[in-house]
Each structure stands twice: as structure tokens, then as C-alpha cells.
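Results of the structural survey
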Amino acid sequence: MALPAWFPFRKVENSVVGEDDQKKLTKGRVMLLSGKLPQRLLKQEVFETHEEFMTRADREILGHGLLRVAAASDMKVASWLVETEGDLFYERFKASLKTEKDAILDYLYGDLAISGEELSRRLDEDVLVKFHFVNPLEQRRRKLLRDSNILRDRSGLKDVLAIRYTQVPDVLKQRKFVLYHGWILGTTESLLSVIKKWFEHLLKSRISEIGERLESTPALGRMSSSILEYLEDEDTKPLIKPRYESFGIDHIELDGSVEENVLILPPCLQDLIHKVNATGYLTHWERFQLGIFLKVTGMPIEEQLRYWYNKAVDNIGMTFEEFSNRAGYIIRHIYGMEGGKIDYTMPSCKTIQDKMHCTFKHNNVETVSKMLADIIDMIEKPALKESRTVIARKIVSNTYQFDANKACRHFLSFITGDLSSSPPVISHPLQYLRMAKEKGLVFELKMAPSGEPVNLEDPPEDTSEPISSQEVSDD
Amino acid sequence: MTDNPNPDDQSDKKVVFKPSISDEQLKTYYSDHFDIKLLWKVLDRESFPRREFGFDRTGHYFTRNKSFSQPEDLKEYMSIYPIRAAYAGAIYADPVRTKTKKYSAFTIHDTEWVGRELIFDLDASDYDPVRQCSCKGRDVCEICWGLMQDAALIMDETLRIDFGFKKLQWVFTGGRGYHCWVLDKETLTLNQEQRSGLVNYMQLINDPGGDQRIEKINNDSILLKERIFRMLTERFVLETKAKVFEEIGIKKTARATMVKKIEQKLYQKIIDIIPQKIPHNQFFDLMVKYRYARIDHKVTIDTRRLIRLPGSVHYHTGYVGQYIDNPESFYPEDAKHIQDITG
Ligand SMILES: [Zn+2]
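Residues numbered from 1 in each chain as written. Chains lettered and ligands numbered in written order. Predicted model: local features only at pLDDT ≥ 70, side-chain atom pairs only at ≥ 80, totals over all residues.

Observations concerning the overall build of chain A
Threshold: A helix here means a DSSP run of H or I that spans at least four residues, while a strand means a run of E at least two residues long, and both kinds are numbered starting from the N terminus. Each residue is represented by a C-beta atom placed from its backbone, and any two residues with such atoms within 7 Å are regarded as in contact.
Along its length, chain A carries 22 helices and 4 strands. Of the contacts made within chain A by residues no fewer than 6 positions apart, 70% connect residues no fewer than 24 positions apart.

Structure follows, in C-alpha cells:
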């Protein structure tokens, strides 16, 4: 099974690209992705020779690879790239031959996607007939023909695909497909958007992998910067627009340091600050998230470089100057001093949930419960303790439902006091911060957050249960 | 046990709980009668030392982040302290411990999560808005226990047929419901999103304590739909009060005809039981609301949650949580009771 020439995850033989060519390749891919080229499908027929065709395909893929590198240090480009590559993949996959589709599915899913016929063999039961993908008479006729070697090809037969349930949790929820013995079954046609989503997921993780290597590999960082610069040109700049990104307010000054304000910060940023304090490490996109936040809340670049220098664990033996020159890449980038020279604004909750860190989307429910219990534990007044506990239960319940925006909305009332009967939906961290700053904390704390686990051995006899009904099953 | 308890007759028999249990009885139970080997029915031996346990000790405080290098140590711990409730958590990369005089704490947040069985929780109190008896909260009787039996029956088949799971262990919690442990190896590492997908596939009642909206089931979920009709219809008609059927316009006489059809087996297809002018989907939704499984999704989704340890005593009832093979025919009175064991 061979992957089709256009498949962007395919390995390209000669991948050394000169700097002049980089610009051409990058822009070529941008034009293709933006629908500015007539040939979206890349068909061999339109080329004189196979070689020409392959050269064109290789160049397309190299362009894709370069964009990935650029996307690794710019989440706006990343969002745009994932969306448009997803669309292109969808069109090209749909138009592919059966054998090419099989090769792609094999690449994307391995053993976790098989044909309906293969599933029938494994279960020793004709699932195609059972779930009315073919009628029994037609199936019998085909079997006879195939057995007598008259019918070799499978044209005209509907392609039925089985994907393991673990790969499609959203689809399971909606009960949109037949589920049988742990496989969801549908025609390849009906599963196209499911497959597209998985392709986008894999592309996202590849971009993040490059992101993780950016700082330790200065050459990669330089490459990323120069590609971003090409994208700033007049002909490409207007094309790079993520469909869903929305930028609202762009700047809110904090009164005092981040640490002093930590409880009124959006919970996602509280998490990141705790994490960087505790471990000295954030993932690539998390660093972006916190870095931009520190910038838009008024921290100058020099101070931010120092902030990371003090917190990081991988800078042992490095002077501040060395640190700023080498690892400070992302921070300088955020302030528009590298690459595309874009002055970054804070990403929306949608982008954060998609790529970065959202408290209610990415934390374990138990972690969320514990965080809330820790705060409640430090509240002085019993009445406030009680009312916070009621809201905490709502937050936990929203977290279970994977309804992060609602959970965040309740968290805002948890921190600032009960908002009017219909609090707004939180869709941007700065929207949260503005409201939290206006209202201020509703409670006073007994002591500063210590980060110690609450539930230790042999506590005093009167220790109350830490929202225990949330943690254990009450049966 | 009568076959078809009549829901319109209010003299239902409640399971009688005998709650006054002494600390001594608890200790005796765990030292002399708690069969630790039975735990291998649900817990994996190799990872036992890295399993989190949690306990409600003497009702005063709750402790978790405990692990034991071997099962005998767990048994000993439970024989020394009066344990009002015992729970098993997830498996981690290292053993966990609470703070002692000698050592600092090493909690589940200090180590890596490794795995957790896939568990479903059914609880009679989640049926409060639709129970046909006079039970509320912790009570159960033979009428509402039937709801637990039906839920288990339908979930068991769904897990085996739709998901293809093979190793299911049902457990009576000792209280008012069942746990189902799915022990197929692949389930151990499912993440929260995957578990959420799984439980939501089966969950058909939104907001079970509130407006109880029933989710639409389309023809792609034909197996589930067929199963619900096949497994629930008869008992739904026989064990639901006449006035419930009036919600969709089935009058007393029409309901009596349904009952007669069932009792005298006067139908070929199950669907023939439904009066002709009543749309099937209306009947289906009503049946789902009153009789279909109400799964506590939190227990399934949270991969670090503590779950009642099978074989431990339920302090509020005195019943011993018990491994069962036939949840569809089990009744709480069949379970062992600590008073009978320890005198
Ligand atoms: Zn009852």
C-alpha cells in the first residue's frame, strides 16, 4: 500500500532546501491552502512525466513542512495551518483511489481502523448485512462471483470502515454511527469529517513537537523566524487568517505583581503560574500563553526575561545574558522582536482550549476538586465557606460534562461573589480578568496558598471531610 | 418474592437495615471474615502495591493516599482501625503514603497516574423522581430494586455487544445499588475523554434530577433501541403506575389491555404491546424515563476517584459488598450481613 504523492505526512527523499527556495516553497503552499491555485487535487494526468509530477508533489510537501516550522512559534499561523490543511486533506482524501485511502487510513490509525469486511472476518459474522450496508442477496451474489474469480475488483461495493471506539469519543457521545464490539461502523464517505478531525489532531501534535525543540535548537528557531517573515509579505499576509480566532480587549494593567494578584487571574493562568513555580517547566504552548499574558498585563520584556530566568530549571550554569540570547527566543518573539515581528495579543479561550492550557478542559476532575477544596479550606468565614462549596459543586459538575466555559464562568463567581442571575459566558482570559479585577475577591484568606495537600495522616479529630462526596462514590 | 409486584398497591416491603454496628464488630469482620483473596476478582495483583486506598476511619475523618505492599497489610490495617468505609483508587507509578512522624507525604499528585478500571455506578436514589414505590434516598424495596436489576441487565448486554468487553464483574455495593467493573486490559488506560464518550453513549437521560430530558436515539443506534424495547417493555408496563401512562394518552383501560397481552403472551413482537394509536417514540421516551439505567457518570469519568472496596461493609446498612454473577436476579437480602457474621 503506497501513500498518495500529495499526502503531507509522506517522507520526501531530498529535503535539503536552499534559503531562496524556502520562500518559494512556503508561499506556494500558502497559495494552495488559500485556494489561490487552480489545481487543488494534484492529479498525475496533468503532468508530462511522472518525474515532473513527483517533483511538484515533493515541493508541496516541503512547503507544508516549512509552514509547520513557522507554526511552531506562532499560534495564529498554527490555527490557520491546521484548519486549511484539514480542508485540503478532506478534499484530496475524498477524491483518492480506494488503495490510496487504505494506505492513508493505515498511516493515520494503524490497527485501529479496518474495513467492514475485515471486521466481519474477525467476528465471524457478516456485519455489512447485519447493519444493512448491503442486502443479503447482493452479498451472496458477490461472494459467488468472487469465489469463481469472475469479480476481482470491488467497484460498486460500498466501502464500509470500522474505527475503534477509543479514537472517536465525540462520535460515541452523539451515537451517530453503529457501534458493534467496540468498533464504530460507517461508510468511508460518512466518516470523512471524523477522519479529517483525526488528521488535524495529528498535525497539531507534530507542530507542538517542533515547538518543544525550538529553544534547544537555535537553527530551528532561526528558520522559524525567517519563514514567519516571508509570511508577512503583502501577497501572503492577508491570507493567514484563522477562521475562529477573535481578539477582544488587548491590554489590562495589573495593580501590583502577578504573584500578588494570583487569585483574581483567570484560573488557567493561575495553574500555569503554580506549575512554573513548582516544576520550573511549561510546555511550548503553555509558555506562550503565560508569556503573552504577562506582556499584556504590563510586564516589560526585560522583566519577563528575568522572570523566566529565575523560574526555569534548565538554565543551570547559564548567565542571564546567555539565557536571554538563547532560550529567550519565545519571549522576544512574543514582544514582536523575532520572526514575523507581530505584537501578540492574548489568545481566546477557544485557542487556549485547543492548544494551550485550560483549567477545566485539561485538568483531571479530581485535580479541579482539590484546587477548589484548597481554596475553601483557607476561607475564614463559615457562611462564605458554605456558599463557595455550593458553587464548587457546580464547577466540578461542569468539568465532568467537559463544559469548560461554563465551569470558568462559575469559577468567576466562586472567586468574586455571586454575579447577577445570568453571568456572562467566559470566552477570553482578559474578559475574565477585567470582571475579576472590578469585583475583587469576595473572601479573605487565612493564609497564603501553601500548595500543601490538605488531607494528611492523623489530623486533629475534628477535621472535616474535604468535599468528600465529590471524591468518593456515595453509594 | 412475587414475580410482578403491583406498583399501585402501596404496601411495599422495605429492606430492613440494622445500622447499629460496633467498632469491635467491624474489626472482627476484617480480621476473621474478610477474604482478601477475593479482591483478585477485580484488582490486579502485580500493581497492588501501587494502588491507592482510602478509608473513612471511625466516621471522624477520611484518609486517602494509602498504599500497601501486600494484601495482608491492607487486611491488618482494616483489622486495627475501625473502618466505616473502605475505597480503592487508581494505580500509580509509585506507592503513595500519607504523612507520618518519620516520613513526609507522597501523594497521588506526586506520582504518575498509570491506570484505572472502567467502572459504572448505579444507585437507586438517582431514580427518586420516578420511583413507583414510596422509597426515597437510601431506602430500597423489591419494586425499586427491580430498576437496578433492569439497569444492570441492559448495561451488561450493551457493554458486551456494543463495546465488545468480555470481563465484567458486577458488585452489590452493600448500599442501594451496583457497581460494574469492566476488567478488559485495554480499559485500564482509557483517558477521561474516552470514558466520557463511553458513558455518554449509554446515558440517555439528561439532567436526571431535573427536567429529565430524553436524548434522541437515531437508527444508527438500532442495537440499543431494540435492546431497550426487548428488555424493558414488559416490566415497565407491569410495574409502573397507571397514571404514568396517562402522560402520553394511554388510558386505564388501554393499560389493562397491555397488561393482559403480556400476562397471556398475546403478542408476537414486543412492539405489538403498545396501543396502536400511540407513537412508538413517545412510548419509548416514557419507558426510558421511568425504567432505563441512570448511570452516575462522575464515577466512570474521574480516573482518580475512590470506589467502594468490594467485600467491605457498608456502614449504613451493615451489608457486605458482594461479587455477584446475576445482577438481574439478585436482591439485597441475598447479601451477607455483618450482624449474621459477627453475631
Ligand atoms: Zn422502593
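Picking up after the structure, the text goes on.
Observations regarding the domain arrangement of chain B
All names here are of chain B. What counts, and what does not: For the purposes of this description, domain bounds are those given by an automatic or database domain assignment. Each residue is assigned to one of three groups, with Ala, Val, Leu, Ile, Met, Phe, Trp, Tyr, Cys and Pro labelled nonpolar, Asp, Glu, Lys and Arg labelled charged, and all others, Gly among them, labelled polar.
Split into domains, chain B comes out as domain 1 (16–204 + 296–343) and domain 2 (209–291). Just the C-alpha atoms count here: the centres of domain 1 and domain 2 sit 33 Å apart. At the junction of the two partners, domain 1 supplies 14 residues and domain 2 supplies 18 residues. Classifying every residue of the side of domain 1 that touches domain 2 by side-chain character gives 8 nonpolar, 3 polar and 3 charged.

A look at the interface of chain B and chain A
Residue-level contacts link 47 residues of chain B with 32 residues of chain A. Secondary-structure elements contributing two or more residues to the side of chain B that touches chain A are strand S2 (61–66), strand S5 (118–123), helix H4 (192–202), helix H9 (297–301) and strand S10 (307–308) of chain B. Considering every element that reaches the side of chain B that touches chain A, the biggest residue donor is H4(B), with 8 residues. Classifying every residue of the side of chain B that touches chain A gives 13 nonpolar, 21 polar and 13 charged.

Quick look at the confidence of the model for chain B
Here is the rule we go by: pLDDT expresses, on a scale from 0 to 100, how confident the predictor is about each individual residue.
In this model, chain B carries an average pLDDT of 91, and 94% of its residues clear a pLDDT of 70 or more. We note a pTM of 0.80 for the whole complex and an ipTM of 0.91 for its interfaces.

Structural notes on unusual backbone geometry
We apply this condition: Burial is judged by counting other C-beta atoms within 10 Å of a residue's own C-beta: 20 or more means buried, 12 or fewer means exposed, and anything between counts as partly exposed, with every C-beta placed from the backbone.
Even without a glycine there, the phi angle at His181(A) is positive, about 50°. For His181(A), a count of 18 C-beta atoms within 10 Å corresponds to the partly exposed category. Look at Gln212(B): it is not a glycine, yet its phi comes out positive at around 50°. Within the secondary structure, Gln212(B) is located in the loop between strand S8 (205–206) and strand S9 (213–214).

Overview of the nonpolar core
The condition that has to hold: In plain words, the nonpolar core is the set of buried Ala, Val, Leu, Ile, Met, Phe, Trp, Tyr and Cys residues that C-beta atoms within 7 Å link up.
In this structure, Ala70(A), Ala162(A), Ile184(A), Leu185(A), Cys144(B), Met155(B) and Met287(B) are the most contacted members of the largest nonpolar core, which totals 186 residues. A per-element tally of this core places helix H3 (residues 142–162) of chain B first, with 10 residues. Within the second largest apolar cluster, 5 residues are counted, among which are Ala90(B), Tyr92(B), Val96(B) and Ile108(B).

Here's the deal with the packing of helix H2 (residues 50–71) of chain A against helix H9 (residues 192–214) of chain A
Residue and element names in this part refer to chain A. Heads up, the condition is: Here the axes come from fitting lines to C-alpha atoms, over the contacting stretch only for helices, and the angles between their N-to-C directions go from 0 to 180 degrees. The cut-offs work like this: below 35 degrees is roughly parallel, past 145 is roughly antiparallel, 65 to 115 is roughly perpendicular, and the gaps in between are oblique. Helix crossings fall into two classes, left-handed where the near helix is turned counterclockwise from the far one by less than a right angle and right-handed where it is turned clockwise.
It is at 8 Å that the axes of H2 and H9 come closest, and there the two elements cross at 60°. Taken together, the axis directions place H2 and H9 in an arrangement best described as oblique. In terms of crossing hand, the pair formed by H2 and H9 is right-handed. When H2 is examined against H9, the residues Arg68, Val69 and Ala71 are found in contact with a partner set consisting of Arg206, Ile207 and Ile210. When the residues that make up the contact of H2 with H9 are grouped by side-chain class, the tally is 4 nonpolar, no polar and 2 charged.

Re the sheet that holds strand S11 (residues 322–324) of chain B
All names here are of chain B. Put simply, the rule reads: Each pair of strands is called paired provided DSSP finds at least two bridges between the two strands.
Strand order in the open sheet made by the 4 strands is S5-S7-S6-S11, with antiparallel pairing throughout. Across the chains shown, the open sheet's two edge strands, defined by having one partner strand only, are S5 and S11. The mean inter-strand angle of the sheet, taken between neighbouring strand axes irrespective of direction, is 25°. Of the strand pairs in this sheet, strand S6 (residues 168–172) and strand S7 (residues 177–182) are connected by 5 bridges, and their pairing is antiparallel. When the sheet's bridge partners are listed, Trp170 is paired in S7 with Cys180.

Examining the sheet that holds strand S2 (residues 160–164) of chain A
All names here are of chain A. Sheet architecture is open: 4 strands sit in the order S1-S2-S4-S3, paired in antiparallel fashion. In this open sheet, the two strands that pair with only one neighbour each are strand S1 (113–115) and strand S3 (178–180). Along the sheet, successive strands turn relative to each other by an average axial angle of 30°, direction set aside. Direction of pairing for S1 relative to S2: antiparallel, over a ladder of 3 bridges. Paired with Ile114 across the strands is Ala162, a residue of S2.

A closer look at the environment of Tyr29(B)
Residues and elements named next belong to chain B. Here Tyr29 is to be found in helix H1 (residues 23–33). Note on Tyr29: 22 C-beta atoms within 10 Å, which makes it buried. Taking the C-alpha atoms as reference points, Tyr29 and Val313, 284 residues apart in sequence, are found 8.5 Å from one another. What Tyr29 contacts, discounting residues up to four positions off in sequence, is Phe34, Val313, Ile338, Ile341 and Thr342.

Considerations on H4(B)
For H4(B), the buried fraction is high: 10 of the 11 residues fall into the buried class. Within H4(B), burial applies to Gln192(B), Gln194(B), Arg195(B), Ser196(B), Gly197(B), Leu198(B), Val199(B), Asn200(B), Tyr201(B) and Met202(B). Of the surrounding elements, those touching the buried residues of H4(B) are helix H8 (169–174), S3 and helix H18 (365–377) of chain A together with S5, H3 and H9 of chain B.

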